[in-house]
Amino acid sequence: MERRFNVAVAGATGAVGNMMVQVLEERNFPVNKLKLLASERSEGKALQFHGKSHRVEVLTPESFEDVDVALFSAGGSVSLEFAPAAADSGAVVVDNSSAFRMDPEIPLVVPEVNPHHIAAYKNRGIIANPNCSTIQMVVALKPIYDAAGIERIVVSTYQAVSGTGKRAIQELQDQSIAIFNMKEIKTDVYPYQIAFNCLPHIDVFLDNGYTKEEMKMVNETRKIFEDNTIRVTATTVRVPVFYGHSEAVNVETKKKISVEEVRTLLSKAPGVVVVDDPENIQYPLAIESAGRDETFVGRIREDESIEKGINLWVVADNIRKGAATNAVQIAEILVRDYF
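None of the values given here were measured: they were computed from a predicted structure.

Peer 1: I'm lost on the overall build of the protein in this one. Help?
Peer 2: Counting its secondary structure elements, the protein contains eight helices and 13 strands. Dimensions of the protein, computed from the C-alpha atoms along their principal axes, are close to 60 × 55 × 40 Å. Each of the 339 residues in the protein was classed as buried or not, and the buried ones make up 53%. Residue pairs at least 24 apart in sequence account for 66% of intrachain contacts in the protein once pairs closer than 6 positions are excluded. Across the protein, the 36 positively charged side chains and the 46 negatively charged ones have centroids separated by 1 Å.

Set out below in structure tokens:
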């Protein structure tokens, strides 16, 4: 008989928390009991799981006494406060915030790239889920890294508003409706209008002129590949798209690799779908990635400005593969190989 596990979702009423519950059901994760946790304002709300209604409870340090796996998506400050308590109670935490990602004792995992790092959960009882934009990029770059090495990455992102949460989704919708009805545009979530606009600003600005989101991509990529020699520079942009992050990725490899080799490698790579047929105007689109768990790659072409350069267009659903699905995939490996 298959062993089943008690699972908690902290931040269950948020966009990613909702999706974690949905993905647990879709992938038939072996759940015995499901505990939904959130702040006091969400207490008493209910979410459906396998046709049954589950009531949301208030998150406390005592919430994890009978929990095997805790999926966290409640923000960095909540994770810092409650994830260690969960681990102390015997749960293994998969945390979606940035709180623990760069802690050298805590593994930062993308299952298609570095699943062996999951074993290091024993250090602190916590596994970190990378940033959404990092996840899809490293899934696409892993086969190239293994085949030819990587000297440098230049990435520009085009990130959906769902990465900010439910309120941002509503803000884009409300602003779009207001524009079409020639009404006043109200901004609350973002500092400027996001409808029909692009904001080159995700997370806070740092002293070096980069945003925190951009430096996440730099530092997390190196940690995931276990290679601090990779030079990475990023520009992250919020765009008026509901779901699906898109990225223009330029890679300088250590060894020369052809477009045909890259296309072949990616077509065989786990979690990757190649959509690259310029003659028939086929390339990855954010709206077609929405609701999917794969990372889509297209516009594969040589960078003619350098000797060993490749350009890629990489697209994935940021709420699914960029967050919830990646966390559940980690949990699947955890219970299969380590419990």
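Peer 1: Is there a simple way to think about the packing of helix H3 (residues 132-148) against helix H8 (residues 320-337) in this case?
Peer 2: Any two packed helices are characterised by how steeply their axes cross, that is the angle between the axes, and by the distance between the axes. Remark: H3 packs on H8, axes separated minimally by 8 Å, with the N-to-C direction vectors making an angle of 85°. What the angle tells us is that H3 and H8 run roughly perpendicular. Packed against H3, whose contacting residues are Cys132, Ile135 and Val139, the element H8 presents Lys321, Gly322 and Asn326 at the interface. The residue inventory of the contact of H3 with H8, partitioned by class, reads three nonpolar, two polar and one charged.

Peer 1: When you look at unusual backbone geometry in this model, what are you seeing that I'm missing?
Peer 2: Both trends apply: most residues other than glycine have a negative phi, and most peptide bonds are in trans. Although it is not a glycine, Met182 adopts a positive phi angle of roughly 55°. Notably, Asp203 is not glycine yet its phi reads approximately 75°, a positive angle. Relative to the helices and strands, Asp203 is located in the loop between helix H4 (166-180) and helix H5 (212-225).

Peer 1: Would you mind showing me how to read the nonpolar core here?
Peer 2: Buried together is how nonpolar side chains tend to be arranged in soluble globular proteins. Counting residues in each nonpolar core, the largest one holds 54 residues, and the members touching the most others are Phe64, Phe72, Leu141, Ile153, Val249 and Leu312. Per element, the largest residue contribution to this core is nine residues, and it comes from H3. Among all residues touching Leu312, those that are not within four sequence positions of it are Leu141, Ile144, Glu247, Ala248, Val249, Val262, Leu266, Val297, Gly298, Arg299 and Ile300. With 36 residues, the next largest nonpolar core counts Val7, Met19, Phe29 and Ala331 among its residues.

Peer 1: Explanation requested: helix H2 (residues 76-88) in the structure shown.
Peer 2: Residues three or four positions apart in an α-helix share a direction because the helix packs 3.6 residues into each turn. For H2, spanning 13 residues, the distance from its first C-alpha to its last is 18 Å, which sits close to the expected 18 Å at 1.5 Å a residue. Of all the bends in H2, the greatest reaches close to 35° and is centred on Phe82; the proline Pro84 follows between one and four positions later. When H2 is considered as a whole, its buried residues turn out to be Ser79, Phe82, Ala83, Ala85, Ala86 and Ala87. The elements touched by buried residues of H2 are strand S5 (69-72), strand S6 (92-95) and strand S7 (126-128). In the stretch just after H2, Gly90 is the one whose phi turns positive, near 105°.

Peer 1: Looking at this model, I keep getting lost on the sheet that holds S5. Mind explaining?
Peer 2: By definition, the strands of a sheet pair up through backbone hydrogen bonds, in either a parallel or an antiparallel sense. Taken together, the seven strands give an open sheet; going across it, the order is S3-S4-S2-S1-S5-S6-S7, and neighbouring strands pair in mixed fashion. The open sheet has two free edges, formed respectively by strand S3 (46-49) and S7, since each of these has just one partner strand. With strand direction ignored, the average angle separating the axes of adjacent strands in the sheet is 25°. Taken together, the three bridges between strand S2 (residues 31-38) and strand S4 (residues 52-58) define a ladder with parallel strand orientation. Paired with Leu37 across the two strands is Glu57, which belongs to S4.

Peer 1: Hey, could you run me through the pairing of S3 in this one?
Peer 2: Within a regular strand, the side chains alternate between the two sheet faces. With four bridges connecting them, S3 and S4 associate as antiparallel partners. Bridge pairing links Ala46 to Arg55 in S4.

Peer 1: Explanation requested: the pairing of strand S12 (residues 295-302) in the structure shown.
Peer 2: Relative to S12, strand S11 (residues 272-274) runs parallel, the two sharing three bridges. In the strand pairing of S12, Val272 is matched with Thr295. Of the pairings in the sheet, the one linking S12 to strand S13 (residues 309-316) comprises five bridges and is antiparallel in character. Paired with Phe296 across the bridge in S13 is Val315. Hairpin connection from S12 to S13: six residues lie between these consecutive antiparallel strands.

Peer 1: Can you walk me through the packing of H3 against H5 in this structure?
Peer 2: One way to put it is that H3 packs onto H5 with a least axis distance of 10 Å and a crossing angle of 40°. By the criterion of interaxial angle, the relationship of H3 to H5 is oblique. For H3 against H5, the interelement crossing comes out right-handed. Contacts between H3 and H5 involve Cys132, Ser133, Thr134, Met137, Val138, Leu141, Lys142 and Tyr145 from the former and Glu213, Lys216, Met217, Glu220, Thr221, Ile224 and Phe225 from the latter. Split into classes, the residues belonging to the contact of H3 with H5 amount to eight nonpolar, three polar and four charged.

Peer 1: Any chance you could explain the sheet that holds S13 here in plain terms?
Peer 2: Spatially, six strands are ordered S9-S8-S10-S13-S12-S11 in an open sheet, and the strand pairing comes out mixed. The strands lining the two open edges of the sheet, one partner per strand, are strand S9 (231-238) and S11. Here the strands of the sheet are splayed against their neighbours by 20° on average, with no regard to which way each runs. In terms of strand pairing, strand S10 (residues 245-253) meets S13 through eight bridges, oriented antiparallel. Note on S13: the bridge partner recorded for Glu247 is Val314. Its contacts with the sheet place H5 against strand S8 (150-159), S9 and S10, and it is angled at close to 145° to S9.

Calculation criteria
Each residue is numbered by its place in its chain's sequence as written, counting from 1. Two thresholds apply to this predicted model, a pLDDT of at least 70 for residue-level local features and 80 or more for giving and counting side-chain atom pairs, whereas whole-chain, interface and lining totals are computed over all residues. To get the side-chain values, take all heavy atoms of the structure and skip hydrogens and water. Numbering of helices and strands runs from the N terminus, with a helix taken as a DSSP run of H or I at least four residues long and a strand as a DSSP run of E at least two residues long. The buried label applies to any residue whose accessible area, calculated with a 1.4 Å probe on protein chains only, is under 20% of its type's maximum; exposed applies above 50%, and partly exposed to all values in between. Working rule for contacts: check all heavy atoms of both residues, and any pair within 4.5 Å makes them a contact. Counted charges follow a simple rule, with Lys and Arg positive, Asp and Glu negative, and His plus the chain ends left uncounted. Charge placement uses NZ in Lys and CZ in Arg. For Asp and Glu, CG and CD serve respectively. Here the axes come from fitting lines to C-alpha atoms, over the contacting stretch only for helices, and the angles between their N-to-C directions go from 0 to 180 degrees. Under this scheme an angle from 65 to 115 degrees is roughly perpendicular, one under 35 degrees roughly parallel, and one over 145 degrees roughly antiparallel; angles in between are oblique. Note on residue categories: nonpolar means Ala, Val, Leu, Ile, Met, Phe, Trp, Tyr, Cys or Pro, charged means Asp, Glu, Lys or Arg, and polar means any other residue, Gly included. The term nonpolar core refers to a set of buried residues drawn from Ala, Val, Leu, Ile, Met, Phe, Trp, Tyr and Cys, joined through side-chain atoms within 4.5 Å. Here the expected length of a helix is defined as 1.5 Å per residue gap, with one fewer gap than residues. To get the bend at a residue, fit one axis to the 7 residues ending there and another to the 7 starting there, then take the angle between the axes. Strand pairing is defined by DSSP finding a minimum of two bridges between the two strands. For any pair of crossing helices, the crossing counts as left-handed if the nearer helix is rotated counterclockwise from the farther one by less than a right angle, and right-handed if it is rotated clockwise.

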